[in-house]
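Read off the chains here:
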Amino acid sequence: MEKVSVIIPVYNDEKYLRQCVNSVLNQTYHNLEVILVDDGSTDQSPTICEEYRQHDHRVRVLHKQNGGVSSSRNAGLAMVTGKYVLFVDNDDWLDEQHVECLHNLLKQKNADIAVGNYSAFHPRNGLYSFFVTPKDYYQRDYTPAEWTGIQYTNKYNLSQVYTVPWGKLYKRNLFRNIQYPLKAKVEDDLTTWKVYFKANKISFINKPIYWHRLFEDSVTAKVDKTSLFPLTSIEQRIAFMRVANLDPEQAKIDIANENAAYYWRLGVYHDNFNEHNKSHYHDALLKQRILKKYGIIQL
Amino acid sequence: MSKISIIIPAYNAGKYIQQSINSVLEQTHTDLELILVNDGSTDETAAICEQARQKDQRVKVFNLSHSGQAKALNNGLAAANGDYLFFMSGLDWLGANDNLERLLQAAKDEQAEVALANFYEFNNQNGQTLFQALDDKQKTYSPQEWFTFEYQGFNFMNQCFTSLYGKLFKRDLLQMADFVNEADDIHDANTWKFYLLANKIVYINTLMYVARKNVNDSPSYNFDPAKLNALPSIEERIAILTMIEFPVQNELDEYIRRLKYHREHALTDGDYYDYLNAVNKLEIINKYQEK
């Protein structure tokens with residue numbers, strides 16, 4: 001059995017952390033290294049981490065000064081000794097066959113990244129959202145450019161699946177020279193795509209194997225919308241796709257998707273003015289003017 | 001007549017700003033306002049600006065607590081009432097007193113929204129002025145032609161294209177402009193966008209604006225070509241040009257050059273994340289170029 005390193009960034013999560021770690025330690029796939037990165041928590045989380053470390057030899061713990069989730073992911077990546085890497089967010093939990101399922105898929109398909117789907121849980125009212133049912137099952141292999149083609153697909157919540165770091169098993173070497181950005185408010189949109197393009201093959205199963213706790217006040221709700229939908233990530237992807245020699249037909253589709261997403265995001269900036277993003281607001285308006293002048297968008 | 005607003009953001013430019021101010025106030029085109037934005041200088045900049053204001057009613061002065069070049073420009077822009085805008089550094093000056101008159105005439109003749117000429121480089125260390133012999137011809141460009149022209153690489157055209165300073169912009173062009181404070185370089189991040197908004201750009205192939213280089217005795221801000229390596233601004237430019245279907249081959253070459261620059265210099269500059277970012281991007285680009 002090859003070793004899989006599971007990185008869990010932990011920050012002030014005494015309420016749900018046990019459910020998360022238990023779901024990892026109870027995996028049907030045993031050869032794990034569980035890396036708990038405690039990002040300077042001020043509640044019981046550090047103690048809970050230590051409990052697990054003493055109770056299960058597969059658990060490793062890093063207590064660090066608070067530096068944000070990017071710094072925790074980076075620190076966790078630096079500790080990895082397994083051949084594969086997997087991320088779990090500290091208030092989410094795994095289906096008990098999560099690792100086995102992704103590991104089998106990766107081996108069978110000789111892929112570099114194996115990806116599954118997820119379901120969401122709303123703690124506010126105790127309801128679940130199922131984006132995928134058993135009859136929706138399919139399995140498909142993608143090149144990175146093809147996989148990027150699904151990036152803005154709403155169906156089965158694929159857009160979210162593409163962007164988040166969790167719900168995927170990665171070959172560890174894909175993270176060579178990858179750092180999650182410390183200064184950005186939202187880290188995954190700026191990073192995950194770079195990992196994909198280091199792969200040759202990405203295998204996806206449309207099966208929910210991850211439980212994502214959706215807080216109304218989570219990052220998605222709390223951070224202002226403009227930092228949730230950065231323009232820079234799209235600019236980076238377009239620049240990369242123009243300069244890299246991708247399959248021309250696929251590149252055309254991917255760039256057209258990015259363009260459409262960019263116009264949409266400019267609209268988000270346009271509609272969400274606040275004092276903190278004044279410069280970005282004006283910059284977005286300037287860009288809208290340029291695109292309007294060249295007949296690309298209507299305002 | 002058309003009123004020109006000249007905006008000078010100044011930070012500790014006390015040794016040089018008098019020359020900038022004089023070169024503006026002595027222009028043969030007299031319908032102008034000179035907006036001096038003193039960005040929390042700790043030297044005699046404020047006093048010199050105030051003296052100028054008392055002597056000439058066309059001068060306006062704003063004193064800010066130190067908040068950076070972008071915010072200083074924003075303040076100047078908000079106060080501008082002219083039909084045209086002209087930005088310059090408090091270290092630089094206008095080479096002749098008909099500069100503004102000629103630029104304005106060219107803009108009007110060609111119905112261009114941007115008028116510019118080339119520049120002298122004055123070396124502050126040895127007092128030498130770098131002089132190029134140019135043919136004094138005037139030519140009008142569409143934005144797409146102008147973007148191609150930049151990369152032909154002669155006459156410091158790259159710097160001339162990029163610098164916000166020393167150009168006449170029609171006011172409407174910058175109605176939404178807000179110089180983004182955290183950009184590595186406000187010139188590299190902004191000037192090209194204003195060109196895209198123009199229909200015509202008129203370039204006079206002669207030297208006008210004098211840029212003072214190698215100023216080591218003052219922490220003032222200036223146009224620094226060494227900063228022209230920022231990645232976000234070239235990525236942004238490639239994205240926008242792609243969307244409006246301009247050719248981008250020159251920009252792609254420039255992008256690779258900048259990535260390599262970051263790979264070579266980021267570690268010695270102490271920015272590990274920047275280094276990894278450049279290394280990683282070059283790696284994935286190479287991977288797909290080999291195929």
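Parameters and conventions
Residues numbered from 1 in each chain as written. Chains lettered and ligands numbered in written order. Predicted model: local features only at pLDDT ≥ 70, side-chain atom pairs only at ≥ 80, totals over all residues. Heavy atoms only, no water. pLDDT = per-residue confidence, 0-100. Phe/Tyr/Trp six-rings, centres within 6.5 Å; stacked < 30°, edge-to-face > 60°. Buried < 20%, exposed > 50% of the residue type's maximum accessible area, 1.4 Å probe, protein only. Helix = DSSP H or I, 4+ residues; strand = E, 2+ residues; numbered from the N terminus. Contact = heavy atoms within 4.5 Å. Buried area = accessible area lost by both parts, 1.4 Å probe. Salt bridge = Lys/Arg side-chain N within 4 Å of Asp/Glu carboxyl O. Pairing = 2+ DSSP bridges.

1. Some points on the confidence of the model for chain B
Atom-level detail of predicted coordinates should not be read off regions where pLDDT is low. For chain B, the mean per-residue pLDDT works out to 92, and 95% of the residues sit at or above 70. Scoring the predicted complex yields pTM 0.92 and, for the interface, ipTM 0.90.

2. Brief notes about the packing of aromatic side chains
Each aromatic ring pair is characterised by the separation of its centres together with the angle its planes make. All names here are of chain A. Applying the stated rule across the entire model yields 46 aromatic pairs over all chains. Pairing Tyr 128 with Phe 130 gives two aromatic rings, centres 6.0 Å apart and planes at 25 degrees, and the pair type is stacked. Residue Phe 130 is classed as exposed on the basis of its relative accessible area of 52%. Their ring planes at 45 degrees and their centres at 5.5 Å tell us that Trp 147 and Phe 204 sit as a pair that is tilted. Taken together, the positions of Trp 147 in helix α5 (residues 144-148) and Phe 204 in strand β10 (residues 202-213) put the pair 57 residues apart, joining distant regions of the chain. Accessibility assignment for this pair places Trp 147 and Phe 204 in one class, buried.

3. Observations regarding the interface of chain A and chain B
With 41 residues of chain A at the contact, the number on the chain B side is 43 residues. Buried area between chain A and chain B, summed over both chains or domains, comes out near 4000 Å², and the portion from carbon and sulfur atoms is 64%. By the criterion of area lost to chain B, the three top residues of chain A are Asn 177, Val 243 and Arg 289 of chain A, representing 17% of everything that side buries. Joining chain A to chain B, the criterion identifies four salt bridges. Lys 193 of chain B is the salt-bridge partner of Asp 283 of chain A, the closest N and O atoms lying 2.7 Å from each other. Counting residues per element, the ones that place at least two in the side of chain A that touches chain B are α7 (192-198), α10 (231-243), α11 (248-271) and α12 (278-293) of chain A.

4. Looking at unusual backbone geometry
Look at Asn 157 of chain A: it is not a glycine, yet its phi comes out positive at around 55 degrees. Relative to the elements of secondary structure, Asn 157 of chain A occurs in the loop between α5 and α6 (158-163). Of note, the phi angle at Gln 111 of chain B is positive, near 50 degrees, even though the residue is not glycine. When you line up the elements, Gln 111 of chain B lands in the loop between α4 (99-110) and β6 (114-123).

5. A few points about the pairing of strand β7 (residues 127-130) of chain A
Residues and elements named next belong to chain A. Here strand β6 (residues 113-122) pairs with β7 via four bridges, running antiparallel. Bridge assignment links Phe 121 to a residue of β7, and that residue is Tyr 128. The hairpin formed by β6 and β7 contains four residues between the paired strands, and Gly 126 there has a positive phi angle of roughly 70 degrees.

6. Thoughts on the pattern of salt bridges
Tallied over the entire structure, the rule returns 34 salt bridges over all chains. Note that Asp 39 of chain A is salt-bridged to Lys 64 of chain A, the shortest N-O span being 2.7 Å. Here the residue Asp 39 of chain A occupies a position in the loop between β2 (32-38) and α2 (45-55), and Lys 64 of chain A occupies one in the loop between β3 (59-63) and α3 (69-79), the gap between them amounting to 25 residues. We note a salt bridge from Arg 58 of chain B to Asp 56 of chain B, for which the minimum N-O separation is 3.0 Å. The network of salt bridges with common partners includes Glu 235, Asp 283 and Lys 287 of chain A together with Lys 193 and Glu 236 of chain B.

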